[in-house]
Structures are given as C-alpha cells and as structure tokens.
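Understanding the architecture of this molecule
As a plain string of letters, each chain reads:
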Amino acid sequence: MDGQCCGPGFKSPQEAIKAPREKLLYTIAIYTGTGIQKPDYLATVDVDPDSPTYSQVINRLEMPGIGDELHHMGWNACSSCHDDGSMSRKYLILPGVRSNNLHIVDTATDPRAPRLHKVIDGAEIKAKADLSGPHTVHCLGSEIIISFLGNAKGEAPGGYLHLDKEFNIVGRWETSMGDIKFGYDFWYQPRHNVMVSSEWAAPNTFMPGFDLEEVGHLKYGRELHFWDFEKREPVESFYLGEDGLLPLEVKFHHDPDSTHGFCGAALSTNVIHWWQDDAKKWRWEKIIDVENEVHPEWPIPLPGVMSAILISMDDKYLYLNNWLHGDMRQYDITDPHNPKLTGQVFMGGLLGKAPIVNGVEVAGGPQMFQLSLDGRRLYVTTSLFSTWDNQFYPEIREKGGVMVMIDCDPENGGMKINEDFIVDFGKEPNGPSRCHESRYPGGDCTSDIWL
Amino acid sequence: MIMYTVTIANRDGAQYCVDARRPLLETLREQGVDLPFGCKYGGCITCAAKLKTGAIDQRRQVALNNRQIANGYVILCVARPTSDITLEIGVESHEKLYRNPFLDPLKPHELKADIATPKEG
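Residues numbered from 1 in each chain as written. Chains lettered and ligands numbered in written order. Predicted model: local features only at pLDDT ≥ 70, side-chain atom pairs only at ≥ 80, totals over all residues. Heavy atoms only, no water.

Brief notes about the overall build of chain B
Applied cut-off: Secondary structure is summarised from DSSP: a helix means a run of H or I of at least four residues, a strand means a run of E of at least two, and numbering begins at the N terminus for each. Each radius of gyration is computed over the set of C-alpha atoms, and the globule rule expresses the reference value as 2.2 Å times the number of residues to the power 0.38. Only protein chains enter the calculation, and the probe is 1.4 Å; a residue is then buried if its accessible area is under 20% of its type maximum, exposed if over 50%, and partly exposed in between. Pairs of residues are marked as contacts when any of their non-hydrogen atoms sit within 4.5 Å. Here the open area of atoms and residues is found with the Shrake-Rupley method and a 1.4 Å probe, where only the protein chains shown may cover a residue. In this tally, Asp and Glu contribute negative charge and Lys and Arg positive charge; neither His nor the terminal groups of the chain are included. Note on charges: their place is set at NZ of Lys, CZ of Arg, CG of Asp or CD of Glu.
Counting secondary structure elements, chain B contains 2 helices and 7 strands. Counting from the amino terminus, helix and strand elements in chain B follow one another as β-β-α-β-β-α-β-β-β. Against the globule reference of 14 Å for 121 residues, chain B gives a C-alpha radius of gyration of 15 Å, in line with a compact fold. Out of the 121 residues in chain B, the part that is buried amounts to 54%. Expressed as a percentage of contacts within chain B between residues at least 6 apart in sequence, the contacts between residues at least 24 apart total 56%. Entry remark: accessible area of chain B is about 5,700 Å², with carbon and sulfur atoms responsible for 49%. Taken together, the 16 basic and 14 acidic charged side chains of chain B have centroids lying 3 Å from each other.

Now the structure itself:
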C-alpha cells in the first residue's frame, strides 16, 4: 500500500494479492472516430458493491481537445520504487495515439474525480524526440518510458520516450533500435536485465484501419525482441513466422525471479511463451493455438484476434480474449509449457453466441481487461481501436462500448459473468462512447514491476 | 491570394471561401465548421471527407488505400483545393471508408500507393 513509511505499490506480488479490494476503476472512453465531436475522457467507474452508485460511471474527465484517441495508460510510479518514500502512485499518464499528446492526470487529490495536471504537447514530442503513436507506459524507479510506434512522420519503428518524474522530456530512452522493424508493447524483468518488446505496425499502417493484404506485404510485425535492459539496446530477436502474426501484448511473470513470459499474437491467435533455459539461452514456443471458427455467412474461417493477454498476480492463470469470436478464456499456466483451459465465457463477438449480456446488446467483443489483485474480478471492455471497430463492428457507433465483470475462481479455475454488474457506455450523456483500457488506483495486474 | 469556394453538401449546402494554399481542415475549422480530426499530418483517416465535385491536391496523405481514393475520399488535414469543390463531411460520408477486410479483400491495384501494383488490362 502507498503509505508514509515507504513508496508506492507493494513489497512483492504476494503482498499485492492481499491488498484491499478495489473500489474505483478508471477506464478511458473515446469519441474519436465515432462521429461525436467531443473530447475523449477518463471515466471513473464505481466498483464498490456497497455503494449506491455501484456499476455506474461517477465522473468524466474530458481531455482538452478532440481527436486524441486515448488507448492505453500507465502510472508515474509502481512497485519498482516501493522503497522510495518520496514517490507515490499519484499520476496516470494517458497518451493520445493520434494526437501524440500525453495527458498527465492527478488521481490522488480526489480519486473519484481525477484532474488534469499537465499536457505534454504532441508537437513538442515530435520536435524533441522524433516520435509519434504512443502506446505502452511503464515506470522504472522514478523514471518513465513510453513506447512510440512511429517517428514524427508516422513511419516505423519509432522508439521510446524517456520522461523524468516531473514529466519533462529527457529524450529517447533507447541507445539503439537495432534491426527492429516495428514497435508496440514491452515489459521488463530487471533481475534478469531483460526487456521484451513486440511488434504491431507503423502508425501510418494501423491508424487508418486494417488492410489484411498489408500483412502479406510485411507491413505488420511477426517478431519478438529481447533487450539488454541496462544497455538499452536489443540483443536478440525471434522470428515467429506464421505462428506470430501481429505479436501484441507482452507480459512477464510477476515473480521478479522468473524468466517466463508470454505474448499474444493477435492475428495468428496464438500465445507465445519464452523462458531462459539452464544454459541462459532464451527459447520460445507456441503454447496456445486458438483455431479459426466457421462463420455462417463468411466464405473464409474467422480468426479469434487475440488483442490482449493478462497474467494473474499469483502467476497461476493467463487470460486472453478472442475479439472476433467473442470469448474470454482462462488458462492454468502452473506449468507454462502446458497450459490447461479452465474457463471460458462469451460476450458479444461475430459468432452470435452471446449478443446480449445482462440486458445490454454488446457491440464488439471482449477486448481489454483488467484483473483485481486477488484474481477474482476481471473487468472486460469491448472496443479495440476506433477505425478497426468501424470495420468489424460498425454497430458500435450507435451502441457504444460495454464494461462487463467476470467472476473468476483463483482456487479451482473457472469464469462466470457477474449478473449484477454492467456499464453501458452506449448511454453516456454525450452519446455512445467506447471504453478501452482500465486501471485501479491502488495497482492492478498490469501496472507493477518489481526490481 | 487564390481563393476557392467550398460547398458542404450535407450541411444544407453551406459555402465557405478558402485559401488554396492551406489545408481544408484548418481553413474550414477557422470558419466554424465542426470537423473530426486526429493526427493532423495525413496519416490517420479520422478527418476523411468525400469529394463530390471539383479537384484537390492531397499528395501528402499516407492513410488512404487506392480503393478509398477511387471512392472519392480526401484527407482534409493535408488536402488543398485546386478548384471550387463540394464536400460531404463527417461520419455520414464514411459509408464506403470502412470495410471488413476478411469479407471484401482489396485487389493488388487497390492497396496503398507504396505497395499497389498497376491494374492489369
């Protein structure tokens, strides 16, 4: 817990699991690309079942302008500076993928009603660091690094922006991008001096929408990169081939001693597992392969499109989504070489298996998700990216996004949609918006890294 | 200064006089037209509009594939008029902008300019 004696976060993953239950949740909601001329915003959702406003949006912090396309976010500090009493988990950083702006939001002064602290102008980032298309935010001690997918012209591979704790631009974080062709997500494991990064595509490729043919023209990624974290340069790359088309989310085990990590290859709809063997050599394998499904009206089989993965804080379960199929899955990864499917639920999707959840018509499919520290509540949202939503789920314009809660059983495995919780972003005051990534004020399963 | 008239078909035919040297997104927003936008450098498609009549120069755009261009889409944040033009703006004009890529593949000549091959025949 954040406290007077020490810094933010938790001493260990085991301590994090014992933290009090989350009462608030922040999720970004977008109007960019929806036809509604309003700014994107940070929504505060009440997730305290004892509160009269449970399962409702209780605050909306609008960004200063339109057209940001908020997407992912990250904290100014996490458990990586738990022993630094001068730091606290106070600021949430909200990058705008299209505008290039970085919004620094103070969530501590009033956690229910976060306020805008500072905006780093997208043009300044282009001028000082030649970067655009921000995505993943991680902190390392009191410093912050953010992956950007393009240079100032939106061309790959981009690089990493380094901010100090006052949110001043230090410059580029990396020493070299080596032969890396594309950027996207990254995660690091300091005890092994390693960072792993994945590949989506250049902003100019993915921002306008998904042209499937561009995968064959090598405009989308299919490699994972292993970095010397201290030297800040890539040292080894794995070509995943057809098994690893669009390798997106990268997660290491939370256990800082572990070398096991995972990546979801979105288009191949596979989970890639890597680890360091006894000879200290990095190895990889495909451990989950979601089969394409037959769609009644499609001439070709439908891939799942695994756009996100998440590891529970006890490193026992891996969660994944199939955005087009419409299911969320839970795998027991106690043996990371042999995952076992232990839970599956449908919500939306193109197969028509669960068009309505708790009385709300679901446009889109399960897309981003966040798990409570105790591993019992998984909050799932349905929008991927405005232009891609518009291609696959055009009805999301009228219906907006949805947040669903899935009850998970961390002892025996299993998932079930919670019948008392649903947040319908189709009923927002300014019209249907689309919710995406979520974070909890006290930490969650995608925010913390231990040194 | 060369000026052209922009008519917005789906805003009751409202007309605006704009500087031919500047991007349409800027000159129309300055005159109070409420337009969507994102990246402001021609890379992200959010500001796409449909050109109904007239001609524009949008050489700086990198977001549209050749099918979208053939369907009349223009990227307002970098496009400049080279004649009087009529536009349809906003998402009402986006009917043909988005397609399901699994159901409606692009032919080789319909890809983005940097990877398209010339149409055969």
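Anyway, onward from the coordinates.
Details of the side chain of D40 of chain A
Residue and element names in this part refer to chain A. Selection rule: Each reported salt bridge corresponds to a side-chain nitrogen of Lys or Arg within 4 Å of a carboxyl oxygen of Asp or Glu. Polar contacts here mean pairs of N or O atoms no more than 3.5 Å apart (in protein, one a potential hydrogen donor and the other a potential acceptor; neighbouring residues in sequence count only if both atoms are side-chain atoms).
By secondary structure assignment, the location of D40 is in the loop between β1 (24-30) and β2 (41-46). This buried residue, D40, is left without a salt bridge; R98 holds the nearest opposite charge, at 7.7 Å. Reaching out from D40, the side chain makes a polar contact with the side chain of T32 at a distance of 3.1 Å. Among the polar contacts listed, one links the side chain of D40 to the backbone nitrogen of E69, at a separation of 2.8 Å. Aside from chain neighbours lying at most four places away, what touches D40 is A29, I30, Y31, T32, L61, E62, M63, D68, E69 and L70.

Section: the interface of chain B and chain A
Many descriptions give the size of an interface as the accessible area lost when the pieces come together. Under the convention used in this document: What gets called buried area is simply the loss in accessible area from a 1.4 Å probe that two parts show on being joined, summed for both. Charged residues are taken to be Asp, Glu, Lys and Arg, nonpolar residues to be Ala, Val, Leu, Ile, Met, Phe, Trp, Tyr, Cys and Pro, and polar residues to be all remaining types, Gly included.
Taken together, the contact pairs 28 residues of chain B with 36 residues of chain A. Roughly 2,700 Å² of surface becomes buried between chain B and chain A when both sides are summed, with 59% attributable to carbon and sulfur atoms. Among the residues of chain B in contact with chain A, Y41, Y98 and F102 of chain B are the three that bury the most area, contributing 27% of the side total. In this assembly, chain B and chain A are joined by 4 salt bridges. In this structure, R99 of chain B and E213 of chain A form a salt bridge, with 3.8 Å as the shortest nitrogen-oxygen distance. At the junction of chain B and chain A, the tally comes to 13 residue pairs in polar contact (both at pLDDT 80 or more). Classifying every residue of the side of chain B that touches chain A gives 18 nonpolar, 6 polar and 4 charged.

What to know about helix α2 (residues 122-129) of chain A
Residue and element names in this part refer to chain A. Short version of the rule: For this quantity, the arc is that covered by the directions from the helix axis to the C-beta atoms.
Buried within α2 are the following residues: G122, I125 and A129. Seen end-on, α2 carries its buried residues on one side only, within an arc spanning 65°. Turned more than 90 degrees away from the buried face of α2, the exposed residues are A127 and K128. Next to the buried residues of α2 lie β6 (102-106), β7 (115-120), β9 (143-150), β10 (159-163) and β11 (169-172).

Some thoughts on the pairing of strand β16 (residues 247-252) of chain A
Residues and elements named next belong to chain A. Cut-off, in case you're wondering: Between any two strands, at least two bridges found by DSSP are needed for them to pair.
Of all 6 residues that make up β16, 6 are buried, and the element is covered over most of its length. Inspection of the sheet shows β16 paired to strand β17 (residues 261-265) by 4 bridges, in the antiparallel sense. By the bridge assignment for β17, P247 is matched with A265.

Remarks on the side chain of S312 of chain A
Residues and elements named next belong to chain A. Looking at the secondary structure, you find S312 in the loop between β20 (309-311) and β21 (317-322). Taking the relative accessible area as the measure of exposure, S312 reaches 3% and is therefore buried. At 2.5 Å, the side chain of S312 and the side chain of D314 are in polar contact. Sequence-distant contacts of S312, defined by excluding residues within four places in its chain, comprise H254, Y317, Y319, L371 and C445.

Regarding the sheet that holds strand β12 (residues 186-189) of chain A
Residues and elements named next belong to chain A. The condition is simple: A fitted line through C-alpha atoms serves as each axis, taken over the contacting stretch for helices, and the angle formed by two N-to-C directions is quoted from 0 to 180°.
Strand order in the open sheet formed by 4 strands is β12-β13-β14-β15, with antiparallel pairing between adjacent strands. Here the strands that pair on one side only, and so sit at the sheet edges, are β12 and β15 (233-239). Across the sheet, the axes of successive neighbouring strands diverge by a mean angle of 20°, strand direction being ignored. Where strand β14 (residues 223-228) lies against β15, 6 bridges are found, and the strand directions are antiparallel.

Brief notes about the nonpolar core
Formally: The criterion is simple. A nonpolar core is a set of buried Ala, Val, Leu, Ile, Met, Phe, Trp, Tyr and Cys residues joined through side-chain atoms within 4.5 Å.
Core analysis: the largest hydrophobic core is formed by 31 residues, its most contacted members being W200, F206, Y220, L246, L324 and W388 of chain A. In this view, L246 of chain A contacts E199, W200, V215, Y220, G221, G264, A265, A266, L267 and W388 of chain A; residues no more than four positions away in its chain are not counted. One finds I8, L24, L51 and I56 of chain B within the second-largest nonpolar core, a separate group that totals 30 residues.

Regarding the sheet that holds strand β28 (residues 402-408) of chain A
All names here are of chain A. Reading across the sheet, the 4 strands line up as β26-β27-β28-β29 and stay open at both edges, with antiparallel pairing between neighbours. Looking at strand neighbours, the two that pair on one side only are β26 (368-371) and β29 (415-424), the edges of this open sheet. Strand-to-strand twist in this sheet, taken as the mean axis angle between neighbours without regard to direction, amounts to 25°.

Quick look at unusual backbone geometry
Of the consecutive residues A156 of chain A and P157 of chain A, the connecting peptide bond is found in the cis state with omega at 5°. Inspection of the secondary structure assignment puts P157 of chain A in the loop between β9 and β10. The residue V305 of chain A is not glycine, and still its phi comes out positive at about 60°. Along the chain, V305 of chain A turns up in the loop between β19 (282-289) and β20. For I45 of chain B, which is not a glycine, the phi torsion comes out positive at approximately 75°. Mapped onto the elements, I45 of chain B comes out in the loop between α1 (24-30) and β3 (48-53). I45 of chain B gets classed as buried once you look at its relative accessible area, which sits at 1%.

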